[in-house]
Structures are given as structure tokens and as C-alpha cells.
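Read off the chains here:
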Amino acid sequence: MWSDNFLKILRELGIEEIYVEREEGREELLRELYNSFKDCKACPLHKNRTQVVFGDGNPYSEVVFVGEAPGEEEDKQGKPFVGRAGKLLNEALKEAGFKREEVFITNVCKCRPPGNRKPNRVEILTCIKYLNKELEVIKPKFICCLGSTAVEGVLGRSYSITKVRGKVLKRKEQRVFITYHPSYVLRNPREYETFLTDLKTLKRML
Ligand code: URA
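Residues numbered from 1 in each chain as written. Predicted model: local features only at pLDDT ≥ 70, side-chain atom pairs only at ≥ 80, totals over all residues. Heavy atoms only, no water.

1. Things to note about the nonpolar core
Core analysis: the largest hydrophobic core is formed by 32 residues, its most contacted members being Val66 and Val108. Looking at this core element by element, the count peaks at 8 residues for helix 5 (residues 121–138). Those residues in contact with Val108 that lie beyond four places of it in its chain are Val66, Gly67, Glu68, Ile124, Cys127, Ile128, Leu131, Thr149, Ala150 and Gly153. Leu93, Ile105, Phe177 and Leu202 belong to the second-largest nonpolar core, a separate cluster that totals 23 residues. (Core = buried A, V, L, I, M, F, W, Y, C linked by side-chain atoms within 4.5 Å. Buried < 20%, exposed > 50% of the residue type's maximum accessible area, 1.4 Å probe, protein only. Helix = DSSP H or I, 4+ residues; strand = E, 2+ residues; numbered from the N terminus. Contact = heavy atoms within 4.5 Å.)

2. With respect to the packing of helix 4 (residues 84–96) against helix 9 (residues 192–205)
One can describe the packing of helix 4 onto helix 9 by two numbers: an axis separation of 9 Å at closest approach and a directional angle of 50°. As the angle between them shows, helix 4 and helix 9 are arranged oblique. Handedness of the crossing formed by helix 4 with helix 9: right-handed. Of helix 9, the residues touching helix 4 (which contributes Leu88, Leu89, Glu91, Ala92, Leu93, Glu95 and Ala96) are Tyr192, Phe195, Leu196, Leu199, Lys200 and Lys203. (Axes fitted to C-alpha atoms, helices over the stretch in contact; angles between N-to-C directions. Parallel < 35°, antiparallel > 145°, perpendicular 65-115°, else oblique. Left-handed = near helix turned anticlockwise from the far one by under 90°.)

3. A look at the side chain of Arg112
For Arg112, the position within the fold is in the loop between strand 3 (104–107) and helix 5. Here Arg112 occupies a buried position and makes no salt bridge, while the nearest side chain of opposite charge, Glu72, is found at 4.5 Å. (Lys, Arg positive; Asp, Glu negative; His and termini not counted. Salt bridge = Lys/Arg side-chain N within 4 Å of Asp/Glu carboxyl O.)

4. Quick notes on helix 5
Between its first and last C-alpha atoms helix 5 spans 25 Å; for 18 residues at 1.5 Å apiece the expected length is 26 Å, and the two agree. Within helix 5, the axis deviates most sharply at Cys127, by approximately 40°. Among all positions of helix 5, only Glu123, Ile124, Thr126, Cys127, Ile128, Tyr130, Leu131, Glu134, Leu135, Val137 and Ile138 are buried. A distance of 3.1 Å separates the backbone nitrogen of Val122 from a side-chain oxygen at the start of helix 5, and that oxygen is part of Asn120. Downstream of helix 5 by a residue or two, Lys139 has a phi angle that is positive, lying close to 45°. (Expected span 1.5 Å × (residues − 1). Bend = angle between axes of the 7 residues up to and from the residue. Polar contact = N/O pair within 3.5 Å; in protein donor to acceptor, adjacent residues only side chain to side chain.)

Note that all results are geometric; they support no functional claim without further evidence.
As C-alpha cells, this is what we get:
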């Protein structure tokens, strides 16, 4: 996708419409992937879930936002980040210049942990193959980790979020940007500005 600046220049040159030929088929690949694990029972999280919550959004996005695991509302609706944390994320994305429908949002674990507890190491390791496959299909320029569970899943080890927040780390050829989890920002509203600044930084880097 092109930057707002580039599009502005094209508009100033009088170019109003652009036809883009792009590689097709990511929707289909994701559909096949999701079909392959909609009945997954590989870890105990399947026992309490209503449904598996797949990633959602634009499979051609240059950025994939990764959260922890579905909460109550996500488990009910079958979509990531549709509860209170999702509302905050939507607001911040908009303010930073992202359109939610233009990005892709997913989680490290695809089933809701009971009582919204943090997924444990075994659950993360069991589920991570699905996130890895989503990332293989989407091939984003940036993976944006929302909070420490996302960092642990994506980078395979824990980091102190305060040390890596706002930074870009590498995972093979992919760049990984790290910021807070929106639930943390809900509990600590004073961190909203930092969260927003991070998202704006990410937007500028695309
Ligand atoms: N909703 C999600 O989908 N993921 C989270 O990590 C939190 C809320």
C-alpha cells in the first residue's frame, strides 16, 4: 500500500484512479488455513471456548497487529479485538491514521483462556504455528506486537515490555514493532499518549 504522501502527490498531478495488479489468493489461503484448525483440540483452551477466533482484516496489509488471545466478547463474536480493548485499539488506530479495515489483526492464541487469564507457555507454543502461517500468507512489512504475550509468541522469548516498547526488532526478514497491549492502556489511561505515539511512529515507517 502507498503512503498518504505519495497518494497526495499523485492527486496533485491530477491522477485520481490507479489500477493495481496484485497477487491474488491470500483470502483463499487464509480460508483454507482457518478451515484446517476451526476444530482444533490441541490444547486445553478448546474446552471452554465458544469458537476459534481467527485473524481479521486485510490480508494484503503491510502491518499485522498481534494481540494475546480472545476475551469474552471476541469468543462470542468470533472476531479479534471487538471488546473494550478493541474499542480503544480502533480509536488509537484511527487517530494514528490507520483504517481498521485496511490492516490485519490477530492473536497469538486463537481460543479464549478461562477468565481471560494470560495464555501459558504450552498454550502459546501449541498455537503459534497458526500465527506463523497467517504471517507466511500475509508477509507483512511490520508485525506490531501488542504487549508481552505477543512479543513472546512472535519472537520466541520474553522481553520486558518497558525495555522494548517503541522499538523495532528483527524476526528473520520481518520487522517487529512493539507497543503496549490496549488492555494495559485501559488500566493505565495515562499511557494512551505513548501508545498513540507508537502507532504514529509505526504508520510513518510504513
Ligand atoms: N481481544 C483480543 O482479540 N486479543 C487480546 O489480546 C485482547 C482482547
